[in-house]
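Here is what each chain is made of, one letter per residue.
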Amino acid sequence: KSESRSFEGKVYVLGKRIKTALEGSGLNVVSNAAANTAEELINAFDRAEFAGKDLLFIRGDLSVRTIPLLLGDIARVDELVVYKTIETAPENSVIENVTGRLNAGGIGWGCFFSPSGVDSFMTHFAGSDLDTVRAAAIGETTAGRAKEVGLDVVFVSKRANEEDFAAGFAAYIKNIE
């Protein structure tokens with residue numbers, strides 16, 4: 001828009017937030033409300049929709065690259081990394097407090113919202129007693145990473161967004177108590 005250019009193609013998006021953010025932009029925004037993962041989004045369309053097309057996959061540096069893996073054999077997929085995940089270190093006092101509570105069995109749940117969040121948690125607390133900690137994950141990708149590192153994943157949100165995670169997790173907790 002800043003260069004007064006127009007884009008007549010489709011912009012495929014996953015998730016309600018990005019769809020809402022882009023709809024007022026004049027772009028032809030395409031999504032599928034039932035899709036919960038990039039693979040489900042792609043599979044919601046006939047592959048002919050993408051065949052022979054030039055696609056730009058806008059992603060973060062830690063993307064699992066589902067789009068190019070699924071479409072790279074039928075379309076040209078260029079990738080543009082637009083953000084980098086940077087781990088932040090908690091204050092030493094926070095690490096000590098959480099470590100103490102973990103080792104005393106005082107933390108029953110860890111809620112994870114990204115695979116990088118799982119990795120950061122494990123960087124700081126892998127040496128702690130995690131046997132009593134159950135994990136709740138916002139989606140299957142995050143749950144998969146949590147399982148890979150040995151966490152006990154007990155709850156996975158049916159939809160990978162904050163609202164569904166919160167409602168689903170609250171209902172889950174209520175049902176087990």
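Residues numbered from 1 in each chain as written. Predicted model: local features only at pLDDT ≥ 70, side-chain atom pairs only at ≥ 80, totals over all residues. Heavy atoms only, no water.

A. Structural detail: the overall build of the protein chain. Scanning the protein chain from N- to C-terminus turns up seven helices and seven strands. Along its sequence from the N terminus, the protein chain presents helices and strands in the succession β-α-β-α-β-α-β-α-β-α-β-α-β-α. Judged by the C-alpha coordinates and their principal axes, the protein chain covers about 60 × 35 × 30 Å. The burial tally for the protein chain puts 28% of its 177 residues in the buried class. Here the contacts in the protein chain between residues at least 6 apart in sequence split such that 47% fall between residues at least 24 apart. When the accessible surface of the protein chain is summed, it comes to about 11,400 Å², and 52% of that surface belongs to carbon and sulfur atoms. Seen as two clouds, the 19 positive and the 25 negative side-chain charges of the protein chain have centres 5 Å apart. (Helix = DSSP H or I, 4+ residues; strand = E, 2+ residues; numbered from the N terminus. Buried < 20%, exposed > 50% of the residue type's maximum accessible area, 1.4 Å probe, protein only. Contact = heavy atoms within 4.5 Å. Areas by Shrake-Rupley, 256 points an atom, 1.4 Å probe, with all protein chains shown as cover. Lys, Arg positive; Asp, Glu negative; His and termini not counted. Charge placed at Lys NZ, Arg CZ, Asp CG, Glu CD.)

B. Highlighting the pattern of salt bridges. The final tally for this structure, using the stated rule, is eight salt bridges. Among the salt bridges present, the one from glutamate 162 reaches arginine 17, with a minimum N-O distance of 3.0 Å. Pair noted here: glutamate 162 is in helix α7 (residues 162-176) and arginine 17 is in helix α1 (residues 16-23), with a separation of 145 residues, a long-range link. Across the pair arginine 145 and glutamate 148 runs a salt bridge, and its minimum N-O distance is 2.8 Å. A residue pair is termed a helical-turn pair when its members lie 3 or 4 positions apart in one helix, as arginine 145 and glutamate 148 do in helix α6 (residues 140-148) at three residues. We classify arginine 145 as partly exposed; its relative accessible area is 27%. Connected via shared salt-bridge partners are Arg59, Arg65 and Glu79. (Salt bridge = Lys/Arg side-chain N within 4 Å of Asp/Glu carboxyl O.)

C. Broad picture of the environment of serine 6. Turning to its location among the elements, serine 6 is positioned in the segment before β1 (10-12). Sequence separation between serine 6 and aspartate 131 is 125 residues, and the spatial gap between their C-alpha atoms is 55 Å.

D. Region of the structure containing the sheet that holds strand β6 (residues 134-137). The three strands lie next to each other as β5-β6-β7, forming an open sheet whose pairing is parallel. The open sheet has two edge strands, β5 (109-112) and β7 (152-156), and neither has a second partner. Within the sheet, the average angular offset between the axes of one strand and its neighbour, ignoring direction, is 30 degrees. Its contacts with the sheet place α6 against β5, β6 and β7, and it is angled at close to 170 degrees to β7. (Pairing = 2+ DSSP bridges. Axes fitted to C-alpha atoms, helices over the stretch in contact; angles between N-to-C directions.)

E. Geometry of helix α5 (residues 115-125). Every buried residue of α5 is accounted for by Val118, Ser120, Phe121, Met122 and Phe125. If you follow the buried residues of α5, they end up packed against α4 (92-103), β5 and α6.

F. Quick look at the environment of glycine 139. Relative to the assigned elements, glycine 139 resides in the loop between β6 and α6. Expressed as a C-alpha distance, the spacing of glycine 139 and asparagine 161, which sit 22 residues apart in the sequence, is 8.1 Å.

G. Fine view of a nonpolar patch on the surface. There is a patch of nonpolar side chains on the surface, built from Leu56, Ile58, Leu80, Val82 and Tyr83 and spanning about 510 Å² of accessible area. Mapping leucine 56 onto the fold places it in strand β3 (residues 54-60). Overall, leucine 56 belongs to the exposed group, its relative accessible area being 54%. (Patch = residues over 30% accessible without salt bridge, like charges linked within 9 Å, V, L, I, M, F, W, Y side chains within 5 Å.)

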